[in-house]
Amino acid sequence: MGRYIVRRLLYMVVVILVVSIITFGLMHAIPGGPFSREKALPAETIKILNERYHLDEPLWKQYVSYVYAVLIPHVTMTPPSTSLQDDFLGNAQIGSVWIRWMNFGPSFKSRSRTVNDIFRDNLPISAQLGTMALIIAIMIGMPLGILAALKQNTVWDYFGMSIAIFGVSVPVIVLGPIFVWVFGVALKWFPPTGWGAQPPYLLGFLPSKLGWDFFKYAIMPSIALGLGSSAVIARLTRAALLQTVREDYIRTARAKGLQERLIITRHALKNSLIPVVTILGPLFAALVTGTFVTELMFGIPGMGKYFVTSITNRDYPVIMGTILLYAVFLVVANLIVDITYAFLDPRIRYD
Amino acid sequence: MAQVKLESATLGSGGKLLTQKRESLFQDAFRRLIRNRAAVIGGAIIILLISMAVFAPLIAVKSFEVQVLVDQNKVPEWVTSVFPTMKPYAQFSDDYPFGADYVGRDLFSRIVYGARVSLTVAFIGPLISLLIGVIYGSISGYFGGRLDDLMMRIVDVLYAFPSLLFIILLLAFFRSTLMHLEPGTFAYALGQLDAKMGGLLFVFIGIGLTAWETMARLTRGQVLSIREKEYVEAAHTIGASNLRIMFHHILPNILGPLIVAETLAIPGYIATEAFLSFIGLGVNPPTPSWGAMISDGANTIRSYPNQTIFPALALAITMFAFNFLGDGLRDALDPRLRGTQ
């Protein structure tokens, strides 16, 4: 297991590096630069700006210094300054020595902010939305799937699976506007746009006050985002559970007179979780990419808008930062899923 | 397909079995399919949508791109009874069955023509991913060994890629590179073709580049299991070529699961196109795509919900239909898989 994890971690580093190289290459290959405007800036100005942001250096040099700034911890004697070029995510002080790590660089578009500022201010909101949607997906999907499987071929089953088909067929860009109009505009149950949490956040992303002020904003987008995934979970849970309850050990458990409730919770559910866990990786990917549509739809100030606008603005550090962030999220999520998988099913050995 | 079945049946026993087995897998599957009510409804809706797309000029008499600025946001009266919040300020005009959009284009025409975009994606998407995936997967599975290892390792790395991010980046690259190209190059020709297709070509390339991986894995797995069957061995012994074995003996027998997987993937392709058009990287305006219409309307959803919700419903109905049909096809082609994903 240990060896497997190490191998996967190495693999992960390779994937992230490849992603970063491709992204870096592609974004510089897109014609036009961060300072091209409809009304062109004077050549002299552009030259100075390019020099200032080291855009006049050869590409490989820019890439190496980017990786250096992000990946390698810097050990210096000078304390952090407020300069935009000098904004690190991780700062630690040991005596008079500073260890500083992960400088994603300044944003070219909004001159007073750095990519790290975007991570600090906007990422927690996206993370809250994603987490809420994941919770909703599991909270709706699992019970629905279990119910449908235990009452196979009854009204409950058909009801559950109809909801599941509905969920699969209705992506956020459909559900979003319908929710906004029905519950936000017509019924006025929830504010149609906005977000309720403000910094400081607990653990970096949890809202410090979890009251109605938070949920009245969060409920609609989270359901809109999570419903599709809940449908996937429901269908998978149902299928897995149907298969598990036909296994011999379930028959044995029944034969020895175990309570039906115990059979389901202790034996059947645990084993039927395995296929459900495997889907969580791709599901997480869908949620993460889904957050930016949801954010655009519900006017949530998360990372989503930077993702698209940074590409059209040629805001190189922001493009790199957001893509790398999403890539790391997805790869780590897949790793966690694979490890959980091995824990749930002892028959699976990776070595 | 039928040929393979017959061969194995004749080998196995006498004439009686042969007559029983004469019904091919697809006839059998078709019979099961039309007994499935949801699948039939799905299929019927798809046929309706296809005819809507084909006969769009006859159904939608108004142009989908002509902007009549005086008619901005006008709606027929029935729309306000569906969306009562619009009553106080709505401006009426009976010229537009679903209303006019924010620049005075007919919503109904745009929705009807929008079916063309979504349906093209629904049919071309699977074609591309099947073509690449099946070729790649069957080479990898059939020849096995080192080659298989290498080919699957490549798929693994690509799989770890966040594909939607990749599509977005690629599309941004294609779209903006094109504006700065000299005529005469291949890329320029590609760009012209894309412009002619209203921007769909690059959407296809984007989907195709990322969607084949799943298909390649599935094909490889299927090929691996069929490769060891006796009839493949038999074909080998009588000196059949690799190509012949692949096309005559293996491919027909793995087609079922592949078709099912692709049908179930169709709503995903449709959603991807809608998503790309929603963020402005999909089709070029004024090509009507439901995703782009939802995005346009989303800005004014509080005042004019019809501009967003009608295209959204069209998208949902289409995805419903394909999901129903896909589910039904899966049950029909492989009854053992009933109720699974």
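Everything numeric in this text was worked out from a predicted model, so none of it was measured.

**Section: helix H9 (residues 248-255) of chain A**
Residues spaced three or four apart along an α-helix point in a common direction, a consequence of the helix completing one turn every 3.6 residues.
Stage number 1. A small share of H9(A) lies buried, amounting to zero of its eight residues.
Stage number 2. A:Gly257, located one to two residues past H9(A), shows a positive phi value of around 85 degrees.

**Observations concerning the pairing of strand E3 (residues 97-101) of chain A**
Residue and element names in this part refer to chain A.
Stage number 1. Sheet analysis places strand E1 (residues 74-76) next to E3, joined by three bridges and oriented antiparallel. In the strand pairing of E3, Thr76 is matched with Trp98.
Stage number 2. Relative to E3, strand E2 (residues 90-94) is paired through five bridges, and the arrangement is antiparallel. In the sheet register, Asn91 faces E3, and the bridge partner there is Arg100.
Stage number 3. The antiparallel hairpin formed by E2 and E3 contains two residues in its connecting segment, where Gly95 sits at a positive phi of about 65 degrees.

**A short note on the sheet that holds E3(A)**
Residues and elements named next belong to chain A.
Stage number 1. If you walk across this open sheet you meet the three strands as E1-E3-E2, and the pairing is antiparallel. At either end of the open sheet lies a strand with only one pairing partner, and these are E1 and E2. Each adjacent strand pair in this sheet contributes to an overall mean axis angle of 20 degrees, direction not counted.

**Let's talk about the environment of B:Gln91**
Residue and element names in this part refer to chain B.
Stage number 1. Residue placement: Gln91 occurs in the loop between helix H6 (77-82) and helix H7 (107-143).
Stage number 2. Here Gln91 falls in the partly exposed class, since 13 other C-beta atoms lie within 10 Å of it.
Stage number 3. Leaving out residues up to four positions away in the same chain, Gln91 has contacts with Asn73 and Lys74.

**Examining helix H14 (residues 290-298) of chain B**
Stage number 1. Across the nine residues that make up H14(B), a large majority, nine, are buried.
Stage number 2. Considered for burial, the residues of H14(B) that qualify are B:Trp290, B:Gly291, B:Ala292, B:Met293, B:Ile294, B:Ser295, B:Asp296, B:Gly297 and B:Ala298.
Stage number 3. Against the buried residues of H14(B) lie helix H7 (172-186) and helix H10 (260-298) of chain A together with H7, helix H13 (242-278) and helix H15 (306-333) of chain B.

**Remarks on the confidence of the model for chain A**
Stage number 1. Residue-level pLDDT values for chain A average 83, and 98% of them are 70 or greater.
Stage number 2. Averaged pLDDT values for the elements of chain A fall to 76 in strand E4 (residues 201-202) of chain A and rise to 89 in helix H5 (residues 123-150) of chain A.

**A look at the nonpolar core**
Stage number 1. Within the largest apolar cluster, 163 residues are counted, with the highest numbers of intra-cluster contacts made by A:Ile173 and B:Ile168.
Stage number 2. Per element, the largest residue contribution to this core is 16 residues, and it comes from H10(A).
Stage number 3. Residues in contact with A:Ile173, not counting those within four places in the same chain, are A:Val293, B:Ala274, B:Phe275, B:Phe278, B:Gly291, B:Ile294 and B:Ala312.
Stage number 4. If you look at the next biggest cluster of nonpolar residues, it comprises five residues, including B:Val79, B:Phe83, B:Met86 and B:Ala90.

**What about the interface of chain A and chain B?**
For interface size, the figure often reported is the accessible area lost on association.
Stage number 1. Chain A puts 40 residues into the contact, and the matching count from chain B is 37 residues.
Stage number 2. No other element matches the eight residues that H7(A) contributes to the side of chain A that touches chain B.
Stage number 3. Residue composition of the side of chain A that touches chain B, by class: 33 nonpolar, five polar and two charged.

The rules behind the values
Residues numbered from 1 in each chain as written. Chains lettered and ligands numbered in written order. Predicted model: local features only at pLDDT ≥ 70, side-chain atom pairs only at ≥ 80, totals over all residues. Buried ≥ 20, exposed ≤ 12 C-beta atoms within 10 Å, placed from the backbone. Helix = DSSP H or I, 4+ residues; strand = E, 2+ residues; numbered from the N terminus. Pairing = 2+ DSSP bridges. Axes fitted to C-alpha atoms, helices over the stretch in contact; angles between N-to-C directions. Contact = placed C-beta atoms within 7 Å. pLDDT = per-residue confidence, 0-100. Core = buried A, V, L, I, M, F, W, Y, C linked by C-beta atoms within 7 Å. Nonpolar A, V, L, I, M, F, W, Y, C, P; charged D, E, K, R; others polar.

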